[in-house]
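Architecture at a glance
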Amino acid sequence: MAFAIPAGLAPEVYPLAWLVGRWEGDGVVSYPTIPEARVHQEVVVDHDGGPYLRWSATLWLAAEGAEGAEGAEGAQDDEPRGQVWSTESGYWRIPPLRPADTPDGKEPVELLLIDPAGHLTLYAGIVGNGRIDLASDLIARTPDAAEVNAATRLYGLVDGALLWAWDIAAFGEPLQSYASARLVRSPR
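Computed from a prediction, not measured in an experiment: that's the story for all the values here.

Procedures and definitions
Here, residues in each chain are numbered from 1, in the same order as that chain's written sequence. Totals for whole chains, interfaces and linings use all residues, but because this is a predicted model, local features are given only for residues with pLDDT of at least 70 and pairs of side-chain atoms are given and counted only at 80 or more. For side-chain calculations, the full set of non-hydrogen atoms in the structure is used, while hydrogens and water are omitted. Strands are labelled as partners when DSSP assigns at least two bridges between them. Helical segments are the DSSP runs of H or I of at least four residues, strand segments are the runs of E of at least two, and each set is numbered from the N terminus. Throughout, the protein atoms alone are placed on a 1 Å grid, and a set of points is a cavity if a 1.4 Å probe fits but cannot get out or a pocket if it is open with protein on both sides within 12 Å along at least five of seven lines; lining residues have an atom within 4 Å of a point. Grid points are joined across faces, edges and corners, and a volume is the space filled by probe spheres set on the points. As a working rule, the residues Ala, Val, Leu, Ile, Met, Phe, Trp, Tyr, Cys and Pro are called nonpolar, Asp, Glu, Lys and Arg charged, and the rest polar, with Gly in that last group.

**Notes on the pairing of strand β3 (residues 53-61)**
Every other side chain in a regular strand lies on the same face of the sheet, so the side chains alternate between the two faces. As judged from the eight bridges shared by strand β2 (residues 34-46) and β3, these two strands associate in the antiparallel manner. Bridge pairing in β3 places histidine 40 opposite tryptophan 60. Here β2 folds back onto β3 in antiparallel fashion, the turn holding six residues, of which glycine 49 has a positive phi close to 95°. Relative to strand β4 (residues 84-93), β3 runs antiparallel, the two being bridged by eight bridges. Within β4, the residue paired with leucine 53 across the bridge is tryptophan 92.

**Topic: empty space enclosed by the protein**
Over the atoms a probe the size of a water molecule is rolled, and this reveals where empty space is left. Evaluation of the coordinates by the stated rule reveals one cavity of 30 Å³ or more. Volume-wise, the largest cavity comes out at about 90 Å³. Along the wall of the largest cavity there are 15 residues; nearest its centre are Gln41, Ala57, Glu88, Arg153 and Trp164. Mapped onto the lining of the largest cavity, the elements with two or more residues apiece are β2, β3, β4, β8 (148-158) and β9 (161-170). With four residues, β3 is the largest single contributor of residues to the lining of the largest cavity. Here the residues of the lining of the largest cavity are counted per class, giving nine nonpolar, four polar and two charged.

This is the structure:
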């Protein structure tokens, strides 16, 4: 599949260019302290020409009887969505210094995320060949936010779909799967 670099994108973030766009799809959240639930997600990745990408994501609990974007070109505006499960916003960037131990064909990457539940998470990792591997470097929280001790995220472009997985260590539990989804580019 041919891919065009989005107009006006800063060269510093070319390794992340494939993320730019609106994505929608379905997935699941589950953790030992949380019952498994189907979710629908919308992600918007855009830029203003600066050396970073902007990230905005919302997860909704799947509404009873609602069909999501799995295998479709995105959910319709009139599809019912359930209750908001989580939202986050932040920035992706490629650090200006490349560590000597960065594998060939890969670039270092950082993701800074905030959420209204009271968390600020800085992820660091590598990007290359349509795959991003991240691990939390810092997790700060407000006094009443849930304690999250570590997190990892994996994003991959597979057959034109954005697949992702999020593992967390929280609530006294070790690092393990928390959420995942399959998203497709949405035309809206």
